[in-house]
Every structure is written in C-alpha cells, then in structure tokens.
Amino acid sequence: MTVYLLRKLTWAFATLIVASIAIFCALEIVPGDPAQVMLGINATDEAVAALRTELGIDRPPLQRYLEWVSGMLMGDFGKSYTFAVPVSELVAERAVVSLPLALLALALSTAIAIPVGVYAASKRGSLVDTIIMGLTQFGIAIPNFWFALLLVYVLAIWLQLVPAGGFPGWEAGVWTALKALFLPAIALALPQAAILSRVTRSALLDTLGEDYIRTARAKGLSRNAVLWNHAMRNAMIPVLTILGLQFAYLLAGTIIIENVFYLPGLGRLVFQAISLRDLIVVESTVMMLVFTVIVINLAVDLAYAWVDPRLRRRTA
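Quick caveat, the model's predicted, so the values are computed rather than measured. (Residues numbered from 1 in each chain as written. Predicted model: local features only at pLDDT ≥ 70, side-chain atom pairs only at ≥ 80, totals over all residues. Heavy atoms only, no water.)

1. Considering the overall build of the chain
Point 1. The secondary structure content of the chain amounts to 15 helices and zero strands.
Point 2. Dimensions of the chain, computed from the C-alpha atoms along their principal axes, are close to 85 × 60 × 35 Å.
Point 3. Sorting the 316 residues of the chain into buried and exposed places 42% on the buried side.
Point 4. Within the chain, counting contacts between residues at least 6 apart in sequence, those at least 24 apart form 74% of the total.
Point 5. On the chain, roughly 16,800 Å² of surface is accessible, and the fraction owed to carbon and sulfur atoms is 68%.
Point 6. The average position of the 23 basic charges and that of the 20 acidic charges among the side chains of the chain differ by 19 Å. (Helix = DSSP H or I, 4+ residues; strand = E, 2+ residues; numbered from the N terminus. Buried < 20%, exposed > 50% of the residue type's maximum accessible area, 1.4 Å probe, protein only. Contact = heavy atoms within 4.5 Å. Areas by Shrake-Rupley, 256 points an atom, 1.4 Å probe, with all protein chains shown as cover. Lys, Arg positive; Asp, Glu negative; His and termini not counted. Charge placed at Lys NZ, Arg CZ, Asp CG, Glu CD.)

2. Section: the nonpolar core
Point 1. In terms of nonpolar packing, the biggest core is built from 82 residues, with Trp68, Leu183, Leu204 and Phe261 touching the most fellow members.
Point 2. The element best represented in this core is helix H8 (residues 174–208), accounting for 15 residues.
Point 3. Excluding its chain neighbours within four sequence positions, the residues that come into contact with Phe261 are Ala148, Val152, Ala164, Gly165, Gly166, Leu183, Pro184 and Ala187. (Core = buried A, V, L, I, M, F, W, Y, C linked by side-chain atoms within 4.5 Å.)

3. Notes on helix H11 (residues 236–252)
Point 1. Here H11 is 17 residues long and its end C-alpha atoms lie 24 Å apart, about the 24 Å a rise of 1.5 Å per residue gives.
Point 2. Those residues of H11 not exposed but buried are Val239, Leu240, Ile242, Leu243, Gly244, Gln246, Phe247, Ala248, Leu250 and Leu251. (Expected span 1.5 Å × (residues − 1).)

4. A short note on the packing of aromatic side chains
Each aromatic ring pair is characterised by the separation of its centres together with the angle its planes make.
Point 1. Considering all chains together, one arrives at four aromatic pairs under this definition.
Point 2. A centroid spacing of 5.5 Å and a plane angle of 65° characterise the contact between Phe24 and Tyr65, whose relative ring orientation is edge-to-face. Placement of Phe24 in helix H1 (residues 2–28) and of Tyr65 in helix H4 (residues 61–73) is noted, with a sequence separation of 41 residues between them. As far as the burial class goes, Phe24 and Tyr65 line up, both buried.
Point 3. Ring centres of Phe24 and Trp68 lie 6.2 Å apart, and the angle between their planes is 25°; on these two criteria the pair is classed as stacked. Here Phe24 is found in helix H1, whereas its partner Trp68 is found in helix H4, with 44 residues between them in sequence. In this pair, the class of Phe24 matches that of Trp68, namely buried. (Phe/Tyr/Trp six-rings, centres within 6.5 Å; stacked < 30°, edge-to-face > 60°.)

5. Here's the deal with the UniProt feature "transmembrane region" (unreviewed entry) in the chain
Point 1. The UniProt record marks residues 9–30, 95–120, 141–161, 173–196, 237–257 and 286–307 with the feature "transmembrane region" (unreviewed entry), using the residue numbering of this structure.
Point 2. Counting secondary structure, residues 9–30 comes out at 91% helix and 0% strand; the distance between its end C-alpha atoms is 32 Å.
Point 3. Helix makes up 100% of residues 95–120 and strand 0%, with an end-to-end C-alpha separation of 36 Å. (UniProt positions renumbered as here; feature names shortened; annotations may be inferred.)

Below you can see the structure in the form of structure tokens.
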C-alpha cells in the first residue's frame, strides 16, 4: 500500500508541474495586452509601459513563471490587476458558492443514479430497463445550459417555486442560500446522473456474471442480498471513477451554469478574469482548480485500494 501511495503521489506532483507550464504558456500566447485593456484604447504608450512595469508583465516569461510558482509554493497566489486584492481572497469568496453547488449537485446525482442503475440492472432486458436507458441517453444528449434555461422557465418563472438566479449570500440564511443553488444544482446533476446510472448498470451487469455471484445464489442468499452485499461492492470501482471525475467537473467546469444563474462562483470569476485580461487571476485560479482535481483523483485511487483488496496485496 505504501508503494502504491508513493507512486500516485509522484504522478500527482509531475502532473502539477506539467499543468503549471501548460497554463502559463497558454495564457502567454493569448493576444492582447492586459495593461492596454485596463487603461483603454486612448492610453499613451508611456502610461501603458509604466503600468506593465508596475504589474511586472514586462519581465521575461521564464522569470515570471518561476516567481509565480515559487509564490504559490509559499501560499502567495499573486494580486489581481483588476480587483486590486489578493487572488486567494477572490477564490475564497467565490469558493463558498462553487463548492456547496458542486457538493449539492453531486449528492443529487448520486442519490438518483445509483438506485436507478441498480434497478435497471436487476430488470435487464425488460421494458423498464429499456425505458430507463432511453431516458438516460436523452439526459446525456441534452446540454446542461439548455436544461438550466428550461428549469428557470418552469420552476422559477411559471411555478415561482425558487429564485431564477443570483445568490443572496450565506448571511441571508442557509435555507435561502440553498434555494438559490437548487436550480443550478439540478441542472448540473441530471446530465451527470444519466451518465452515472449507465455506468452503474453496466458495472453491475458485468459483476453479476461472475462465478462468486452464482456461488452466493447457490448458498441460498436472497436476490437483494446478492445484489447489494456482493455484486454492488465489486462494481463500485468504475462508479468511483465516474464520481471522482464528476465532482472535479462540477467544481471546475461550471462557467456556463454560473453565468446562466448569475452565481458569483469560481467559474464566473475565471470568465470575468479572461474578459478583463487579468492573467494572474486566471493562472492562479485555474491552477488551484487543477490541484483540487488532482487531489480528488488521488482520493479516488486510494478508494480503489480500499474497495479492491487485490490492490493492497499487489502493492504492499
């Protein structure tokens, strides 16, 4: 298990290095001068040059990359050109929206997908199974932003059950804040639930064909006991993979949904920073999101070893 953990940590560290280089280089080749954007088209060349020096973007790229990386290692993610506050403060303010939204969407997705996938697998080949698979295919095909607009029209405008957008803040009350996150969480959760339910069904069907499942049935165990106590645990590895990927997506890939619902989250922060050419905000925020995704994937890999004892024995 120790060797397995060290190997995964090494890969995670290497991935962080490659990601930091890719993020920095990608933003370096983006056209446009941040100083020119901030000062406007009527600014003089002298004013633009002075602001470039003040922001430090006139230094060589390698020097700026090393300073950026060393600063992050020391906990300093830089200062926003536009908002004039540390990037860490901006991320902390927006994370209190994006993180609960991602967790709520993941909880809804899991609560829907696991029972639906297990039920479809238990009814394999039946009309119910066919209908469920058809609905999940429909859920995968629908873009989540279109589904979000449909939810706003039906639940917010027509039925007036929940707010159509915006976020009042947690100081307005937990229930009020959760109501504001409910629609975007559903819009994010249902397409992901469609994917997860199909994966759960496929993994469970593969497991139900194994010899030990037939042995468990031969011992007289009930169908539900075989399904949940034996088959489901061994089918969890691909399900855990999808759950980890989905949480990473829900946390880092909500730019469109946050803009549809006017939520002040991390996705909207990145969108605003790109529009304003605030490179340090984009670089540091995306890098923190990459770090979060890598940590999630590492946790999923460790969950593999917990679910599958063969991994623990193989890497001991």
